[in-house]
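# Observations on the model geometry
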Amino acid sequence: MAKHVAVLMGGWSSERPVSLASGTACAEALEGAGYKVTRIDVDRTIPAVLEDLRPDVAFNALHGPFGEDGTIQGVLEALEIPYTHSGVLASALAMDKPRAKAVMAAAGVPLSNHVLISRFEAAKAHVMPPPYVIKPPREGSSFGVLIVREGAAHPPQELTRSDWPFGDEVMVERYVAGRELTCGVTAEGAFGVIEIVTAAAGGFYDYDAKYAPGGSKHLLPAPLSPLVYQNVQMLSVKAHHALGCRGVSRADFRFNDQGDGTGELVCLEVNTQPGMTATSLVPEMAAHAGRSFGELVSWMVEDASCKR
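Since the structure is predicted, the reported quantities are computational estimates derived from the model, not experimental observations.

## Overview of the overall build of the protein
Check the secondary structure of the protein and you find ten helices and twelve strands. Whereas a compact globule of 308 residues would reach a radius of gyration of roughly 19 Å, the protein reaches 19 Å, a difference of no more than 12%. Along the first, second and third principal axes, the C-alpha atoms of the protein reach 65 × 45 × 35 Å. Across the 308 residues of the protein, 53% fall into the buried class. Counted over contacts in the protein with a minimum sequence separation of 6, partners at least 24 positions apart contribute 70%. As displayed, the protein has an accessible area near 12,700 Å², and 55% of this comes from carbon and sulfur atoms.

Shown next, in the form of structure tokens:
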């Protein structure tokens, strides 16, 4: 009998549209692979829905808070339903950027300097010399990210908005110029490295560059020296293991290329719930490695577990 897979998508975070796209694509691929699939647009009744449904596996296609921060993982652990992607601790840790950076730094992953500060304090005066980046410490898909360019007279005043939706604490991080690189990891090791070239002004890999058709160009394999290419793969695996990830993760980097094959390589973050849309990076990496989208999501279902 085919396994019954509940595909969890939607939710109520700012990344809901991306999650719906990811979930729909994964559900269709799993149906094509012969699984029995139930699509669930997740709301706050999800514990009762899953208790009643009792699927064999939950495919977690949620993004952002609740779906990616250890919360839904805890629900699935309590219900003893195996699920895809990382467990409670790794999900919560990777979603909390400052704490994730502390763990990765201890493992030897290179990172840029940062400080945690109130958004109101960050709006008063530069807390470090520009250029720097201001990020909500627990969001994804570049929501709430502000880049303060070199020569800026003062910090962005958007931080003082009464309707600022990302909390009162922000992470201010040294800006690393250069090339945008990313690498996916599974239990079998690292995929190939992609260089992302964005069409956006200033080269910022923002929400539109991530998800809009034509918003970015993916170079796979990334045109890097063998040493840098292998270093990105090695550091991606190291970060995956340091945070305790399982299933699929994706590490993002900036590389300040000096033009001679050397330069500063910095890990920006690890994503435990990489997008699975038509423009997503991990499915493209998997295809380059000879694994179809259907084979990738089927592997993720068979890899699903709990108590981890």
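## A closer look at the UniProt feature "active site" (unreviewed entry) in the protein
In the UniProt entry, the feature "active site" (unreviewed entry) is given for Glu-15, Ser-141 and Ser-280. Assignment of secondary structure puts Glu-15 in the loop between strand 1 (4-10) and helix 1 (16-32). Overall, the relative accessible area of 3% leaves Glu-15 in the buried class.

## Things to note about the nonpolar core
Core analysis: the largest hydrophobic core is formed by 27 residues, its most contacted members being Val-5, Val-7, Leu-30 and Phe-59. Those elements giving two or more residues to this core turn out to be strand 1, helix 1, strand 3 (57-60), strand 9 (189-198), helix 9 (281-288) and helix 10 (293-303). Considering every element that reaches this core, the biggest residue donor is helix 10, with five residues. Other than its neighbours up to four places away in sequence, Leu-30 contacts Val-5, Val-7, Tyr-35, Val-37, Phe-59, Val-297, Ser-298 and Val-301. One finds Ala-94, Val-193, Leu-224 and Leu-235 within the second-largest nonpolar core, a separate group that totals 24 residues.

## Quick word on the pairing of strand 2 (residues 36-42)
Where strand 1 meets strand 2, seven bridges bridge the pair, whose relative direction is parallel. Among the inter-strand pairings, Val-5 is bridged to a residue of strand 2, identified as Val-37. Read as a crossover between parallel neighbours, the route from strand 1 over helix 1 to strand 2 is right-handed.

## As for helix 10
Restricting attention to buried positions, one finds in helix 10 the residues Leu-296, Val-297, Ser-298, Trp-299, Met-300 and Val-301. Contacts from the buried residues of helix 10 go to strand 1, helix 1, strand 3, strand 8 (179-186) and helix 9.

## With respect to the side chain of His-240
With respect to the secondary-structure elements, His-240 resides in helix 8 (residues 226-243). Take His-240: its relative accessible area is 2%, and that puts it in the buried class. A polar atom in the side chain of His-240 sits 2.7 Å from the side chain of Ser-249. For His-240, the residues in contact, after removing those within four places along its chain, are Val-185, Cys-245, Arg-246, Gly-247 and Ser-249.

## Re helix 5 (residues 97-106)
Owing to its 3.6 residues per turn, the α-helix aligns residues three or four sequence positions apart on the same side. Those residues of helix 5 that sit buried are Lys-97, Pro-98, Ala-100, Lys-101 and Met-104. End-on view of helix 5: buried residues confined to an arc of 155°, all on one side of the axis. Summarising the geometry of helix 5, the exposed residues directed more than 90 degrees from the buried face are Arg-99 and Ala-106. Immediately beyond the C-terminal end of helix 5, within one or two residues, lies Gly-108, with a positive phi of roughly 90°.

Conventions adopted
Residues numbered from 1 in each chain as written. Predicted model: local features only at pLDDT ≥ 70, side-chain atom pairs only at ≥ 80, totals over all residues. Heavy atoms only, no water. Helix = DSSP H or I, 4+ residues; strand = E, 2+ residues; numbered from the N terminus. Rg over C-alpha atoms; globule rule 2.2 N^0.38 Å. Buried < 20%, exposed > 50% of the residue type's maximum accessible area, 1.4 Å probe, protein only. Contact = heavy atoms within 4.5 Å. Areas by Shrake-Rupley, 256 points an atom, 1.4 Å probe, with all protein chains shown as cover. UniProt positions renumbered as here; feature names shortened; annotations may be inferred. Core = buried A, V, L, I, M, F, W, Y, C linked by side-chain atoms within 4.5 Å. Pairing = 2+ DSSP bridges. Right-handed = clockwise from strand over helix to strand, strands pointing away. Polar contact = N/O pair within 3.5 Å; in protein donor to acceptor, adjacent residues only side chain to side chain. Arc of directions from axis to C-beta.

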